[in-house]
Each structure stands twice: as structure tokens, then as C-alpha cells.
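Overview (structure and organization)
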Amino acid sequence: MSGDHAHAHSHGHDHVRAGERHAGRLAGAFAIVVGVLVIELVVGILGHSLALLSDAGHMATDALGLGMAIAAIQLASRGTDRSGRSFGLYRLEILAALANAVLLFAVAGFVVVEAFARIGNRETLDTGPVLVAAVIGLVANLAGFWLLRPGAAESVNVRGAYLEVLADLVGSIGVIVAVVMFWITGWQWVDPLVGAALGVWILPRTWRLASEAVRVLVQAAPENVDLAVLAGDLGRLPGVVDVHDLHVWTLTSEMDVATAHLVVADVDQSHAVLDRARELLTDHYGITHATLQVEPTDHIGCDDVSW
């Protein structure tokens with residue numbers, strides 16, 4: 001018997017996804033990033049500042065990443081026609097987060113290589129325009145940071161965009177430091193060194209984002225779910241004598257899914273077992289979407305599946 005059969009079992013799914021809740025904030029951050037990108041790119045080229053160009057590079061990945069994040073949310077929200085797509089298009093948000101991580105890795109690598117190539121060059125910073133552009137970038141990134149921070153804890157997709165903006169926030173501070181130090185000391189190597197430091201600084205955070213996205217895409221169990229413990233909890237429910245074929249995975253942020261076969265000694269307890277199992281999954285594990293198959297003890301075959 002499946003948990004989808006009617007017997008006072010509620011299967012409503014009016015939950016608004018985390019990414020969808022923060023789509024407006026993503027759009028606001030996108031508009032800010034694009035405006036600052038143009039300013040930093042022009043001033044960085046004219047002012048010969050690798051640190052500013054590094055920040056502009058991060059801004060470019062921000063713009064692309066935010067655009068992908070917004071597009072993924074919109075497509076996932078429209079994915080109501082599930083012909084051939086039984087889970088809709090929710091995974092697009094995870095793909096956007098992974099793409100953001102790849103972009104950050106690429107920009108960080110480029111900036112580090114370019115920094116080493118520039119150390120020892122005798123290029124002179126045009127400190128005035130570069131400093132003004134960096135301050136504008138700092139203010140804009142603070143605004144983007146404020147917009148995206150609430151959603152970063154709820155959505156992998158939003159977290160990817162948040163990390164991009166956070167990298168730019170630190171980047172703007174780094175550019176300001178580089179300009180001030182160059183103005184005070186005249187050291188030529190300060191700007192490329194700061195540019196390289198900015199590229200390296202974001203790598204650990206990018207790695208964590210990529211790891212989390214890949215974990216979802218390979219359908220690993222959520223980090224907060226111990227399958228052995230969950231199987232034990234289900235097995236201790238009144239009426240349940242065995243649990244097998246248990247699977248838990250994440251579809252997208254805040255949308256964990258579970259399937260399991262529950263063996264009962266008395267088939268007349270099937271409905272009660274379903275109610276208790278769904279209550280356990282919802283209240284203790286935050287899993288509201290579960291497909292549960294209840295089987296009598298003399299049923300054979302289902303526990304032979306090896307994967």
C-alpha cells in the first residue's frame with residue numbers, strides 16, 4: 001500500500017521554495033552588480049589596476065551567476081507540466097549553484113596567474129579614479145550583501161549568488177587597501193599581490209558551495225539525515241517489524257524526499273503505520289514528501305533489490 005492512497009492522509013504541497021521566496025532580492029542584487037561592473041571595468045582598464053580588474057571579474061561572474069540563479073528559479077516555478085519530468089525543473093537551481101562555483105574557480109585562477117605575470121611590471125596606478133570606483137563597488141556590494149544574506153541560509157542557489165557578492169565585498173575592500181598603500185609607499189607590487197590574494201581568498205568558500213551542489217546532484221542523503229538512525233526510528237514504530245529499500249535525497253533547497261518499504265505484522269494497521277511514519281519524517285527530519293509502501297510479512301521480492 002502506498003502513502004498516496006486516500007485515508008485522511010494529507011498530501012498538499014503549497015510550500016513556497018526558498019529560492020522563489022528570495023527571487024526579488026536576487027533581481028535587486030543583479031541590477032546593482034551590472035551597474036558597478038561597467039564602472040569597475042572601464043576604470044580598471046584606464047587606471048591599470050589589476051586589483052580593480054580582479055574585482056570587476058568577480059562582478060562579471062556575479063552578473064552571470066545571478067542571472068542564471070534568477071532564470072533557474074523562474075524555470076523551476078514554471079515547471080508545472082511534468083510530462084517526462086516527474087520532479088519538475090527544481091534541480092535547475094542546484095545546477096545554477098554549481099555553475100556559479102565553476103565560474104568563481106575560473107576567475108580566481110585567472111587572477112592569480114595574471115598577478116604573477118604583473119609582479120615586477122612598472123605600471124603606475126591612476127589612484128584617484130580607481131579609489132572612487134572601489135568605494136562605489138564597496139557600497140554596492142554592501143547593498144547586495146544585505147539583500148542576499150537572509151536567503152543564503154535557506155537556498156543553495158541563493159547561497160551561490162551570496163558568495164559571489166561576498167567575494168566582491170572583500171574585493172572592494174582589497175582594492176581600497178591596495179590603492180592607499182600604493183599612494184603612501186609607491187610599491188608597484190601591492191596591486192597585483194592584493195589581486196592574487198582576492199583570488200585565493202574565495203577558493204575555500206567556492207569549494208564548499210560546489211561540494212554541496214554535487215552532493216545534491218548525486219542524490220546523497222542530506223547531511224542532517226543518518227540513514228541508519230532513520231531506519232531504526234521507522235523500525236521502532238508500533239506495528240512495523242522491518243524496514244528496507246530506504247532512500248533519502250534532496251531535490252532542491254528545503255525539499256528533501258524519502259522512499260521506504262515498511263513491513264507490518266497486521267495489515268489492518270497499515271493506515272496507522274503510514275500516519276505515524278509520515279509524522280516521524282515531518283516532525284523529526286523535516287521530510288514532508290515521502291512515498292511509503294506498507295507490506296505484509298509474507299510478501300516477498302521487494303527486499304531483494306540490491307540498490
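As a reminder, the structure under discussion sits directly above these lines.
Residues numbered from 1 in each chain as written. Predicted model: local features only at pLDDT ≥ 70, side-chain atom pairs only at ≥ 80, totals over all residues. Heavy atoms only, no water.

Observations concerning unusual backbone geometry
- Even without a glycine there, the phi angle at Gln219 is positive, about 60°.
- With respect to the helices and strands, the residue Gln219 is situated in the loop between α8 (203-217) and α9 (227-235).
- Residues other than glycine seldom take positive phi values, yet Asp245 does so here, at roughly 50°.
- Inspection of the secondary structure assignment puts Asp245 in strand β1 (residues 240-252).
- The exposure class assigned to Asp245 is partly exposed, which follows from its relative accessible area of 26%. (Helix = DSSP H or I, 4+ residues; strand = E, 2+ residues; numbered from the N terminus. Buried < 20%, exposed > 50% of the residue type's maximum accessible area, 1.4 Å probe, protein only.)

Examining the side chain of Thr250
- Tracing the chain through its elements places Thr250 in strand β1.
- We classify Thr250 as buried; its relative accessible area is 10%.
- Not counting chain neighbours up to four residues away, the residues in contact with Thr250 comprise Arg91, Val216, Ala220, Pro222, Met255 and Asp256. (Contact = heavy atoms within 4.5 Å.)

A look at a nonpolar patch on the surface
- Taken together, Phe30, Val34, Val38, Leu41, Val42, Ile45 and Leu46 make up a surface patch of nonpolar side chains, about 600 Å² in accessible area.
- Among the structural elements, Ile45 can be located in helix α2 (residues 23-47).
- Residue Ile45 is classed as exposed on the basis of its relative accessible area, which comes to 51%. (Patch = residues over 30% accessible without salt bridge, like charges linked within 9 Å, V, L, I, M, F, W, Y side chains within 5 Å. Areas by Shrake-Rupley, 256 points an atom, 1.4 Å probe, with all protein chains shown as cover. Salt bridge = Lys/Arg side-chain N within 4 Å of Asp/Glu carboxyl O.)

Brief notes about the sheet that holds strand β2 (residues 255-264)
- In spatial order, the strands read β1-β2-β3; together these three strands make up an open sheet with mixed pairing. Two strands in the sheet have a free side with no partner beyond their single neighbour: β1 and β3 (289-296). Within the sheet, the average angular offset between the axes of one strand and its neighbour, ignoring direction, is 10°.
- In this sheet, β3 lies alongside β2 in parallel orientation, the contact comprising eight bridges. When the bridges of β3 are listed, Ala258 appears paired with Ala290.
- Along the sheet face, α9 touches β1 and β2 and points at about 135° away from the line of β1. (Pairing = 2+ DSSP bridges. Axes fitted to C-alpha atoms, helices over the stretch in contact; angles between N-to-C directions.)

Section: the packing of α9 against helix α10 (residues 270-285)
- At a closest axis distance of 10 Å, the pairing of α9 and α10 adopts a crossing angle of 140°. On the basis of the axis angle, α9 is oblique to α10. Here the hand of the crossing between α9 and α10 comes out right-handed. Facing α9, whose interface residues are Val229, Leu230, Asp233 and Leu234, α10 presents Ala277, Leu280, Leu281 and Tyr285. (Parallel < 35°, antiparallel > 145°, perpendicular 65-115°, else oblique. Left-handed = near helix turned anticlockwise from the far one by under 90°.)

Observations regarding the side chain of Thr206
- Relative to the elements of secondary structure, Thr206 occurs in helix α8.
- Thr206 gets classed as buried once you look at its relative accessible area, which sits at 0%.

Digging into the packing of helix α7 (residues 190-201) against α8
- It is at 5 Å that the axes of α7 and α8 come closest, and there the two elements cross at 25°. Here α7 lies roughly parallel to α8, going by the angle between them. Of the residues in α8, those in contact with Gly199, Val200 and Trp201 of α7 are Leu203, Pro204 and Arg205.
- Its residues placed into classes, the contact of α7 with α8 shows four nonpolar, one polar and one charged. (Nonpolar A, V, L, I, M, F, W, Y, C, P; charged D, E, K, R; others polar.)

Concerning the environment of His48
- Tracing the sequence through the fold places His48 in the loop between α2 and α3 (50-78).
- Accessibility expressed as a relative area gives 40% for His48, which makes it partly exposed.
- Separated by 143 residues in sequence, His48 and Asp191 place their C-alpha atoms 9.6 Å apart.

Keep in mind that these numbers describe shape and distance, not what the molecule does.
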